[in-house]
Each structure stands twice: as structure tokens, then as C-alpha cells.
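Fold and geometry: a report
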Amino acid sequence: GLNSLTDRYLMQKTVLIISTLDTKGLETDYLVEKLKGLGLNTLLMDISMRGAAPSPADIPPDRVAAAGGSSFEEIRNSRNRSHITNITMAGASRIAADLLSENNLDGVIGIGGSTGTLMATEVMRSLPFGIPKVMISSTAALPGLATRYIGTGDIALLHSVIEISGVSDLLKNVMDRAAGALAGMVLSKVTSPKTGEGKAIALTMLGPCEKCASVVRASLESKGFQVIGFSAAGIGDRAMEDMIANGFFQGVVDLAPGGVGEHLYGFMRDAGPHRLETAGKAGIPQVISTCSVNHMTPAKSKYKPEYHERRKYDLDKFRTWIRLSSDELREVAGAFAAKLNQATGPVRVVIPQMGWSSVDSPQNPTYDPEEDQVFVKVLREKLNSDISIVEIPANMEDETFAQAIVEAALEIF
């Protein structure tokens, strides 16, 4: 196991370095020595998938492969790159989790090109929020890759600009800055990210229900809660689900769960298949509302011809909200009910009758409270009897509605 390997690291801060020594050995050696010079203990993990020479790493590829349920021999001889990459990432993530559980991991840094960055950031994303994470990548600026590398992780991504090949003065400068950044995070007395027991509430929000969110936040904070907001634009609410699973929150006020419908149809605010499920599985109380649930945001490049004929509202020059059809509202309501019915903790649903956001005002073309009732009717039919639905004769952004949300929260938190 790792116990004998890590006994000597118990007294000092230890950082994990993730690299492929078959292609970046000299560059990694420089980074390791730099981190040691800054007063950190280092554990070097080699995630190479090729190469015949024995690895000098503290955690060599054969150990990574074994943790992934395979062998380095199998990985080295395989032609299925996707398969062996997944094995390596799973093994590396498992070893990192073991180090963390043994209190032998205070930070992690990676160095790589496209494949190396993909694998190292996968390991980083498997670690909890608050663990310092730095990735030095020569491909950070390639279109679409930065968002894939970071995902829902709190990762500092440093674009090396130059290729990570040869220990030049320019590359030394990049690695010196990355090492200094990690050392600064690890060695400084940063407050633990664990929030107060019984007092931390996750809150989803969007611009069109920002006023409601502000009132809810202020009211709950005045009662002694910490309220942590997430932009429900797809990535933020996906990250919230991850953090709920990791035990950061004791309650949820989900004002903007539109990511459920966006996932059904593959739209821009898709929050993944498990949106609206994690709090229920964890058994923590949740108050649910409907900001943006009656609208969709398909990418304009993926518009179906009939979308051009739908009622729509331009939030800005980049974003357009399109009204859901009655059939879509029924389907989304069915998905809501299926997810919320799995909850093992208390659930309250609070819905405004006069518009589900500031976009839903009488002067705007998508305003249709009567059609919104299609969603409510299906929800009432399909939700378990112990989940109450309260309708408030107000718009989402009215003060009276925000206070109704607060009352529902205080009842079950």
C-alpha cells in the first residue's frame, strides 16, 4: 500500500505531481526540485502509458495501472487508446483519493499536452473543492479544451504558451510561477472550505430571478445561515450537485432548475443527468421553484426550423430564451416528478402564478401563465403526496414571492 511510501511525509505539506515521465521526464524533474526548494514534500505520480524503462516516480505506472484494475503490460500493449486512458485515469484518481483519506495530500499539480492535461485534470476533478489544484498545459488555449479540462473543478489552468519540451529559460519561468502559485495556496493559512454544520445552504440563481435570490439570501443570512450561490447556467448547477454529494451543504434553495429540461433536449444550460437528484439522495431539505423552467436555450447553430416561429425573448445579443411548448412542459414536469419522488428528505415546491422570472412579464411575448399551468398540473398529478406544492399569486421577482420561498425554507431547514 501507500502507507510505507507516505510515512515520511506526515509532518510537512505534501503535493502530488502528475506527469508522463516517458515524454516529460526532464521537465518534471525540474518542477519537482522547484517544489522541494519551496519547502514542500513531493509525491511524483507517473501516468505514462508507453515506455519500457523502469519509472523513477514515487508512484510508477504499474501501480497506477493496478489501481485501475489492469497492468502496465496490458496498457503498454493495447491499441485501444480510449480504454487505456480510462484505466489510467481511474487508477490515478483512486490513488489520489487514498492519499487524501490518509491526510497525505495537500495540493496537486500537473504538467502536460492535450492527453496529459486531459488525464491530470480528470484526477483533479475527482478531488474535493478546496484542495489546491494547478495544471500547466500547452493546450489550455485550444478552442473548447479549457472548459473540458476545468469542468466543475476548482482548477487553476496555466497556459504554458510554449511546448513543454526542453528545460529552457522560458519553460523554467512558467514552471517557477506554477510552483510558486501552488506553494502559496498550500502553505498559506487558507480557511478550510467546510462550512458551518447545519448552516450552509446552496442557492441556484440566474439574472432573471436575481432580485428574488438576493432577498432570499439576505433573509436566510439574517437567520444565521451561510448561503452559497451558483449560477444555474449548466456548469454552476452541475458543480453544486457535486458539492452536495461531497457534504458541503445542509439545505438547498433551487430557484432555477431549468437544467433538467435543458438536459432532456441537449440545450446550452444542460446540467447533466443527475440535476435535481443529489440533495434528495443525501436526504437534505430542499425548496424548489421554477425560474427559467418554461424556456429553453438551444444553441443558435442547432435551431430547428420551427424554433424560429416560437415566441422568444432576447436576453442579450448572445442569448435568446424560447418558450417551451405544452408537450415539452408536460415532459419536463414528468422528469421533475421522477427526480423529486426519489428524495429521502423534505421537499417543498413553491411556484409563482404570474410569471416564472423577470422575462415573464405581460409586455413580453413569452408571458403565458395559463400555459405554465400545464407544467403545474402534471407535477401535481405525479409528485408523491408528501411533497407539497404551493402557488403564490405573484411574479418570481416580487417581494411577496421571495418571502414565500424564505418561509418554506425556514419550515424545513
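Residues numbered from 1 in each chain as written. Predicted model: local features only at pLDDT ≥ 70, side-chain atom pairs only at ≥ 80, totals over all residues. Heavy atoms only, no water.

**Quick notes on the overall build of the protein**
Regarding its fold elements, the protein presents 15 helices and 14 strands. The dimensions of the protein, computed from C-alpha atoms along their principal axes, are 70 × 50 × 40 Å. Across the 413 residues in the protein, those meeting the buried criterion constitute 52%. Pairs at least 24 apart in sequence give 75% of the contacts found in the protein among residues at least 6 apart. Of the roughly 18100 Å² of accessible surface on the protein, a fraction of 52% belongs to carbon and sulfur atoms. A gap of 3 Å separates the mean positions of the 41 positive and 48 negative side-chain charges of the protein. (Helix = DSSP H or I, 4+ residues; strand = E, 2+ residues; numbered from the N terminus. Buried < 20%, exposed > 50% of the residue type's maximum accessible area, 1.4 Å probe, protein only. Contact = heavy atoms within 4.5 Å. Areas by Shrake-Rupley, 256 points an atom, 1.4 Å probe, with all protein chains shown as cover. Lys, Arg positive; Asp, Glu negative; His and termini not counted. Charge placed at Lys NZ, Arg CZ, Asp CG, Glu CD.)

**Focus on the sheet that holds strand E2 (residues 41-46)**
With respect to topology, five strands assemble into an open sheet ordered E2-E1-E3-E4-E5, the strand pairing being parallel. Across the chains shown, the open sheet's two edge strands, defined by having one partner strand only, are E2 and strand E5 (156-159). Strand-to-strand twist of the sheet, defined as the mean angle between neighbouring strand axes without regard to direction, takes the value 20°. For strand E4 (residues 133-137) and E5, the ladder comprises four bridges, and the chain directions are parallel. Bridging from a neighbouring strand, Ile-136 pairs with Leu-158 of E5. The strands that helix H2 (residues 21-37) touches are strand E1 (14-19), E2, strand E3 (107-112) and E4; relative to E1, the one it contacts most, it runs at about 160°. Sitting on the sheet, helix H6 (residues 114-125) is in contact with E1, E3 and E4, with an inclination near 175° to E4. (Pairing = 2+ DSSP bridges. Axes fitted to C-alpha atoms, helices over the stretch in contact; angles between N-to-C directions.)

**As for the packing of H2 against helix H8 (residues 169-187)**
One can describe the packing of H2 onto H8 by two numbers: an axis separation of 10 Å at closest approach and a directional angle of 40°. Classified by the angle their axes make, H2 and H8 are oblique. Note on packing geometry: the crossing formed by H2 with H8 is right-handed. Note on element contacts: H8 touches H2 through Leu-171, Lys-172, Met-175, Asp-176, Ala-179 and Leu-182, opposite Glu-27, Tyr-30, Leu-31, Lys-34 and Leu-35. Within the contact of H2 with H8, the residues separate by chemical class into seven nonpolar, no polar and four charged. (Parallel < 35°, antiparallel > 145°, perpendicular 65-115°, else oblique. Left-handed = near helix turned anticlockwise from the far one by under 90°. Nonpolar A, V, L, I, M, F, W, Y, C, P; charged D, E, K, R; others polar.)

**Concerning the confidence of the model for the protein**
With 96% of its residues at a pLDDT of 70 or more, the protein shows a mean pLDDT of 92. This model gives residues 4-10 a pLDDT under 50, and the stretch forms 16 contacts once residues within four places in sequence are excluded. (pLDDT = per-residue confidence, 0-100.)

**So, the packing of aromatic side chains**
Tallying each qualifying case throughout the model produces nine aromatic pairs. On the basis of an interplanar angle of 85° and a centroid distance of 5.9 Å, the ring pair of Tyr-303 and Tyr-307 is categorised as edge-to-face. Residues Tyr-303 and Tyr-307 agree in their burial class; the two are buried. Seen from their ring centres, Trp-356 and Phe-375 are 5.4 Å apart, and the 75° between their planes marks the pair as edge-to-face. (Phe/Tyr/Trp six-rings, centres within 6.5 Å; stacked < 30°, edge-to-face > 60°.)

**Focus on unusual backbone geometry**
The phi dihedral of Val-161 falls on the positive side, at around 70°, and the residue is not glycine. Along the chain, Val-161 falls in the loop between E5 and H8. Positive phi, normally seen in glycine, also occurs at Leu-276, with a value near 75°. Classification of Leu-276 by relative accessible area gives buried; the value is 3%.

**Quick look at H6**
When the terminal C-alpha atoms of H6 are compared, their 16 Å separation across twelve residues agrees well with the 16 Å that a helix rising 1.5 Å per residue should span. Of all the residues in H6, the buried ones are Gly-116, Thr-117, Met-119, Ala-120, Thr-121, Val-123 and Met-124. Those residues of H6 that are buried are in contact with E1, helix H5 (81-101), E3, E4 and helix H7 (145-150). (Expected span 1.5 Å × (residues − 1).)

**Remarks on helix H14 (residues 369-382)**
With 14 residues, H14 ought to run about 20 Å at 1.5 Å a step, and its terminal C-alpha atoms sit 20 Å apart, in line with that. Within H14, the full set of buried residues consists of Glu-371, Asp-372, Val-374, Phe-375, Val-376, Val-378 and Leu-379. Its buried side turned inward, H14 meets strand E12 (320-323), helix H13 (326-340), strand E13 (347-352) and strand E14 (388-392).

**Things to note about the sheet that holds E14**
Within a sheet, each strand pairs with its neighbour through backbone hydrogen bonds, oriented either parallel or antiparallel. Strand order in the open sheet formed by six strands is E7-E6-E8-E9-E13-E14, and the pairing between neighbours is parallel. Strand pairing shows two members of the sheet lacking a second neighbour, strand E7 (226-231) and E14, which therefore form its edges. Strand-to-strand twist in this sheet, taken as the mean axis angle between neighbours without regard to direction, amounts to 20°. Here helix H9 (residues 210-222) sits on the sheet and contacts strand E6 (200-205), E7 and strand E8 (251-254); the angle it forms with E6, its principal contact strand, is near 170°.

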